[in-house]
Structure formats: structure tokens, C-alpha cells
Amino acid sequence: MATPLKDLGHVPWDTIKDSSGSAEAIPILLHDVARGDEPTARAALGDLRERICQYGFVVDQATAATVPFLWELARLPQVNCRVQIVHLLKSIADARQWESTASAYPKLLNYPHNYVGWEREARRAVRADRGALRQLLADPDTELVEAASELASTLAS
């Protein structure tokens, strides 16, 4: 079996931001999700969620870069919180906070940070690996299949 998260080093985490500032802690959190026991993995995923999809609907610059690693972890049977990862992917796919706000307040499009673009990139990143849903929908874990079905429905619309 391939080493999980082997491509983390290809992302310049220290030069992009998440909701807390620098995104350089994201690889550590992803490793904790990948290798931690259930409480450790869930806590790390909770921290990660706050950094890349704050409040369950506000994405940031680091979100799109994180999504492929979430898909990778969701496919690994040994990961303890795959259902929660799929829920996070669905939250990211549903995120339209900045886009909705910018439609009412076009001045947001002139902000120094491209929040609307980051949100669109994050949604595209979720869609880019949607082929992984086939594997998740065939999993024996019914809770995972239900979460994957909800994500598939979101991505189909």
C-alpha cells in the first residue's frame, strides 16, 4: 500500500493562509487524522475544519489545497473518521458564503484577498476527485455510504 499523504510536501503551506493565519499546521493535522486513534483523529479533523471550512461554510485560501488529501483519507479504511471527512467535503462543496455576499456587495470583489475565487477553487477541488465516490458508495459502512450519497447528491446539482 502507498504511503498516505506522501504529496503533502508539494504544497507551500507556509505561504498560504487558513482561517487562523498561516496554513503550516495543516500537514500535522492531516497526519493526525490519518494515523491517530479515534479521539485524536476526530480532534485533528475538528481543528482542520475550523481552519479550512470555518463554521461549516466559510472557506479560505488553503481549502482547495487541502481537499485532495481529504479525499485520500476518506478512501483509506484504517482512517477513524471517514464519515466526518465526507461531511467536511460536503460542507466545502456547499460553501457559497463569499459568492453570495459578493453578489449583494460587489465591492468584496475588490478586496486584497480573493475570497470568492478561493471558494470556487475549493468547490472545484471537491468535484475534481468525485470519482472516489464510487469506492465510498460501495463501502460496507452504512454511515459512510449515507454520507457519500449526500455528497454525491450535492455534486450532482
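What you see is a predicted model, and the numbers here were worked out from it, not measured in a lab.

**Student:** When you look at the overall build of the chain in this model, what are you seeing that I'm missing?
**Tutor:** Helix and strand counts for the chain come out as 8 helices and 4 strands. Going from N to C terminus, the chain has its helices and strands arranged as β-β-α-α-β-β-α-α-α-α-α-α. Residues counted as buried form 45% of the 157 residues belonging to the chain. Taking as baseline every contact in the chain between residues at least 6 positions apart, the subset at least 24 positions apart corresponds to 66%. Summed over all atoms, the accessible surface of the chain reaches about 8,000 Å², with 51% contributed by carbon and sulfur.

**Student:** Would you mind going over the pattern of salt bridges with me for this structure?
**Tutor:** Pairing between side chains of opposite charge can happen when their charged atoms approach one another. Per the counting criterion, the structure on display carries 8 salt bridges. Of the charged contacts, one joins Lys 90 and Asp 94 as a salt bridge, the two residues approaching to 2.7 Å between their closest N and O atoms. Taken together, the residues Lys 90 and Asp 94, both in helix H4 (residues 82-94) and 4 residues apart, mark about one turn of the helix. Residue classification places Asp 94 among the partly exposed residues on the basis of a relative accessible area of 37%.

**Student:** Even after reading the chapter, I still don't get unusual backbone geometry, so can you show me in this structure?
**Tutor:** Keep in mind that most residues, glycine aside, have a negative phi and that most peptide bonds are trans. The phi angle at Leu 5 is positive, at roughly 65°, despite the residue not being glycine. Note on placement: Leu 5 falls in the segment before strand S1 (17-18). Taking relative accessible area as the criterion, Leu 5 reaches 3% and is therefore assigned buried. Of note, Tyr 55 is a non-glycine position whose phi angle comes to about 65°, a positive value. Along the chain, the position of Tyr 55 falls in the loop between strand S3 (53-54) and strand S4 (58-59). The class for Tyr 55 is exposed, based on a relative accessible area of 58%.

**Student:** Where do I start with the side chain of Thr 63 in this structure?
**Tutor:** Summarising the element assignment, Thr 63 is placed in helix H3 (residues 63-74). Residue Thr 63 is classed as buried on the basis of its relative accessible area of 0%. Excluding residues within four positions of it along the chain, Thr 63 makes contact with Ile 52, Ile 92 and Ala 122.

**Student:** Before we go on, may I ask you to explain the environment of Leu 30 in this structure?
**Tutor:** Tracing the chain through its elements places Leu 30 in helix H1 (residues 26-35). Taking the relative accessible area as the measure of exposure, Leu 30 reaches 0% and is therefore buried. Here the alpha-carbon distance between Leu 30 and Leu 70, two residues 40 residues apart in the chain, equals 8.0 Å. Not counting residues within four places of it along the chain, the set of residues in contact with Leu 30 comprises Leu 5, Leu 8, Leu 48, Thr 66, Phe 69, Leu 70 and Leu 73.

**Student:** Looking at this structure, how should I read the side chain of Arg 82?
**Tutor:** Looking at where Arg 82 falls in the secondary structure, it is placed in helix H4. Among the polar contacts made by the side chain of Arg 82, one reaches the side chain of Asp 139 at a distance of 2.8 Å. Here Arg 82 is in contact with Leu 73, Ala 74, Arg 75, Leu 76, Pro 77, Leu 136, Asp 139 and Leu 144, once residues within four sequence places are set aside.

Rules used throughout
Residues numbered from 1 in each chain as written. Predicted model: local features only at pLDDT ≥ 70, side-chain atom pairs only at ≥ 80, totals over all residues. Heavy atoms only, no water. Helix = DSSP H or I, 4+ residues; strand = E, 2+ residues; numbered from the N terminus. Buried < 20%, exposed > 50% of the residue type's maximum accessible area, 1.4 Å probe, protein only. Contact = heavy atoms within 4.5 Å. Areas by Shrake-Rupley, 256 points an atom, 1.4 Å probe, with all protein chains shown as cover. Salt bridge = Lys/Arg side-chain N within 4 Å of Asp/Glu carboxyl O. Polar contact = N/O pair within 3.5 Å; in protein donor to acceptor, adjacent residues only side chain to side chain.

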